[in-house]
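Residue-level listing of the chains:
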Amino acid sequence: MKKIFKSLISVICLVSILIGVSYIPVKADENEIGFNYTQKSVYTGKQFVLVLQNAPKKIKWWASSDESIAAVKNGVVTAVGPGVCKIKAKCNDIKYTCIVTVVDPYIKAERDYIRVGKTTTVKVKGDKVKSYTSSDPEILTVEKDGTVTANAKGSATITALCKSGREYTLEMNVYQNIQYIENPTFDDLAPTIHMSFEELVGDSGEEGYPDMMPAPDTYKIIVDLYWKVVLVYTQDSDGEYTIPVRYMRCTVGKSSTPTRQGTFKMLSTKNRFAHFNVGGNAQYWSLITSATYFHSILYDAIDANTWTRSSWENLGKAVSHGCVRLPVPDARWIYYNAAPGTVVEIRAGSSKDEATKAISDQLILAEAPSTRPTLKKGQIPWTDNWTIEDVPQEVKFVRYEQGSGK
């Protein structure tokens with residue numbers, strides 16, 4: 001039990017110092033003896049004073065449970081190294097305890113990657129900075145106040161030299177800005193409206209998984225449950241997701257198994273062409289949260305020729321088990337472009353949202369032919385307006401298996 005308590009206190013203290021929360025000194029009652037701090041977080045090399053309030057005499061007995069973490073002399077506590085220990089004092093044969101958490105100073109940035117032409121800031125927590133330098137100013141430059149500017153694609157290391165003599169380093173990656181179509185037409189944003197049925201449900205013949213993907217903040221994806229559309233945006237010059245990239249028609253969850261609403265960060269499970277545990281098959285799975293995926297329409301087997309007519313005709317309706325179904329080219333776009341960590345907002349939507357209604361009204365797809373066409377794997381037309389080679393190769397993709405919840 002003592003070990004569990006110690007571990008819990010360690011976590012609480014460490015989290016508090018990382019988010020910048022300091023402990024408020026404890027004010028003892030008028031006659032109560034007690035420390036001015038019962039818990040304290042401090043950076044390595046710093047000091048603070050412990051006072052045993054209302055003690056009837058000068059305290060001569062002080063002790064640290066681990067002097068490699070924090071040492072004490074006459075109530076002055078010196079942080080020596082990272083960890084958690086107890087500082088104790090004794091008065092009238094009663095011992096009083098303060099739990100001290102020591103954390104090394106560190107350098108942090110608003111983000112550890114930025115795009116060409118953007119700026120961010122770096123700061124050192126727990127030490128005073130004397131100067132900042134960049135290992136490669138052609139890629140990153142850094143000002144005296146910690147403002148970092150991205151100049152070219154690549155990576156460079158920011159070093160902070162502090163007045164204590166210590167140095168702290170942070171490697172930062174610079175990515176190219178996403179190439180998007182200036183003043184796009186609706187056809188540019190919704191290429192599926194001009195695709196043949198074969199392309200919308202067929203199998204490209206691709207195998208495997210992405211190796212590298214765009215950085216997680218490249219896109220924001222919105223699923224509108226009322227209008228049954230998926231909207232993809234990238235950032236404008238102010239960092240807001242206002243620039244449209246792609247519009248998609250979708251199927252969402254039925255009332256008994258609704259699509260979960262909220263804002264999520266995509267997880268790392270992707271499947272190329274796989275079987276559901278509850279039956280059915282789909283192409284290009286990408287996990288949003290829990291058991292909610294983006295994926296294609298349904299198939300009776302892992303064969304595009306087995307596409308189910310009802311699944312195709314239900315695009316634009318609320319009939320799924322909670323997943324977001326898409327035409328194959330759209331599911332494929334998300335599979336290769338939406339990295340783990342990409343923000344997905346699933347919203348209820350509104351009948352009064354005229355802008356989204358206008359998008360939905362134009363997302364008209366090819367009808368399923370009365371005679372089932374033969375779909376040869378890898379031999380169907382592909383007219384989409386992007387290629388895998390166009391995808392920014394910025395972060396390594398690490399895949400988890402279906403059912404892992406990751």
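Structural data are supplied above this passage.
Residues numbered from 1 in each chain as written. Predicted model: local features only at pLDDT ≥ 70, side-chain atom pairs only at ≥ 80, totals over all residues. Heavy atoms only, no water.

**Some thoughts on the overall build of the protein chain**
Moving on, step 1. Helix and strand content of the protein chain: six helices and 31 strands.
Moving on, step 2. For the protein chain, the C-alpha radius of gyration of 29 Å lies well beyond 22 Å, the compact-globule estimate for 406 residues.
Moving on, step 3. Its C-alpha atoms give the protein chain principal-axis dimensions of roughly 95 × 50 × 40 Å.
Moving on, step 4. Buried residues in the protein chain amount to 47% of all 406 residues.
Moving on, step 5. The long-range fraction of contacts in the protein chain, counting pairs at least 24 apart against all pairs at least 6 apart in sequence, stands at 65%.
Moving on, step 6. Working note: accessible area of the protein chain is about 20600 Å², and carbon and sulfur atoms make up 50% of it.
Moving on, step 7. Positive and negative side-chain charges in the protein chain, numbering 48 and 44 respectively, have mean positions lying 12 Å apart. (Helix = DSSP H or I, 4+ residues; strand = E, 2+ residues; numbered from the N terminus. Rg over C-alpha atoms; globule rule 2.2 N^0.38 Å. Buried < 20%, exposed > 50% of the residue type's maximum accessible area, 1.4 Å probe, protein only. Contact = heavy atoms within 4.5 Å. Areas by Shrake-Rupley, 256 points an atom, 1.4 Å probe, with all protein chains shown as cover. Lys, Arg positive; Asp, Glu negative; His and termini not counted. Charge placed at Lys NZ, Arg CZ, Asp CG, Glu CD.)

**Remarks on the sheet that holds strand S3 (residues 47-49)**
Moving on, step 1. The strand order S3-S7-S6 describes an open sheet built from three strands, whose pairing is antiparallel. Of all strands in the sheet, those bounded by a partner on one side alone are S3 and strand S6 (70-73). Across the sheet, the axes of successive neighbouring strands diverge by a mean angle of 20°, strand direction being ignored. (Pairing = 2+ DSSP bridges. Axes fitted to C-alpha atoms, helices over the stretch in contact; angles between N-to-C directions.)

**Let's talk about helix H6 (residues 354-362)**
Moving on, step 1. Residues Thr356, Ile359 and Ser360 constitute the buried set of H6. Each buried residue of H6 sits inside an arc of 100° when the element is viewed along its axis, so together they form one side. Exposed side chains of H6 directed beyond 90 degrees from the buried face belong to Glu354 and Ala355.
Moving on, step 2. Of the surrounding elements, those touching the buried residues of H6 are helix H2 (186-189), strand S19 (219-224), strand S20 (229-235), strand S21 (241-249) and strand S30 (343-347). (Arc of directions from axis to C-beta.)

**What to know about the nonpolar core**
Moving on, step 1. Judged by nonpolar contacts, the single largest core of 43 residues is most densely connected at Val201, Val223, Val230, Phe294, Trp312 and Leu326.
Moving on, step 2. For this core, the secondary structure elements donating two or more residues are helix H3 (197-201), S19, S20, strand S25 (281-289), strand S29 (324-326), helix H5 (328-337) and S30.
Moving on, step 3. Element by element, the count of residues in this core is highest for H5, at six residues.
Moving on, step 4. Val230 has contacts with Ile221, Ile222, Val223, Arg246, Tyr247, Met248, Cys250, Phe294, Val324 and Leu326, leaving out every residue within four places of it along the chain.
Moving on, step 5. In terms of nonpolar packing, the next biggest core, distinct from the first, is built from 21 residues, Tyr37, Leu50, Cys85 and Ile87 among them. (Core = buried A, V, L, I, M, F, W, Y, C linked by side-chain atoms within 4.5 Å.)

**Let's talk about the sheet that holds strand S12 (residues 119-125)**
Moving on, step 1. The strand order across the open sheet built from four strands is S10-S12-S15-S14, with neighbouring strands paired in antiparallel fashion. Strands with a single pairing partner mark the edges of an open sheet, and in this sheet they are strand S10 (106-109) and strand S14 (140-142). Strand-to-strand twist across the sheet, computed as the mean angle between neighbouring axes with direction ignored, equals 25°.
Moving on, step 2. Bridging between S12 and strand S15 (residues 147-150) involves three bridges; their strand directions are antiparallel. Its bridge partner being in S15, Thr119 is matched across the sheet by Thr149.

**Comments concerning the pattern of salt bridges**
Moving on, step 1. Summed over all chains, the structure comprises 13 salt bridges.
Moving on, step 2. In this structure, Glu206 engages Arg332 in a salt bridge whose closest nitrogen and oxygen atoms are separated by 2.6 Å. Within this pair, whereas Glu206 is found in the loop between H3 and strand S18 (212-213), its partner Arg332 is found in helix H5, the two being separated by 126 residues in sequence. With respect to class, Glu206 is no different from Arg332; both count as buried.
Moving on, step 3. A salt bridge links Arg246 to Asp384; the shortest N-O distance between them is 3.0 Å. Placement of the pair is Arg246 in strand S21 and Asp384 in the loop between H6 and strand S31 (395-396), with a sequence separation of 138 residues.
Moving on, step 4. By relative accessible area, which is 2% here, Arg246 ends up buried.
Moving on, step 5. Through salt bridges with shared partners, a single network forms among Asp224, Arg347 and Asp353. (Salt bridge = Lys/Arg side-chain N within 4 Å of Asp/Glu carboxyl O.)

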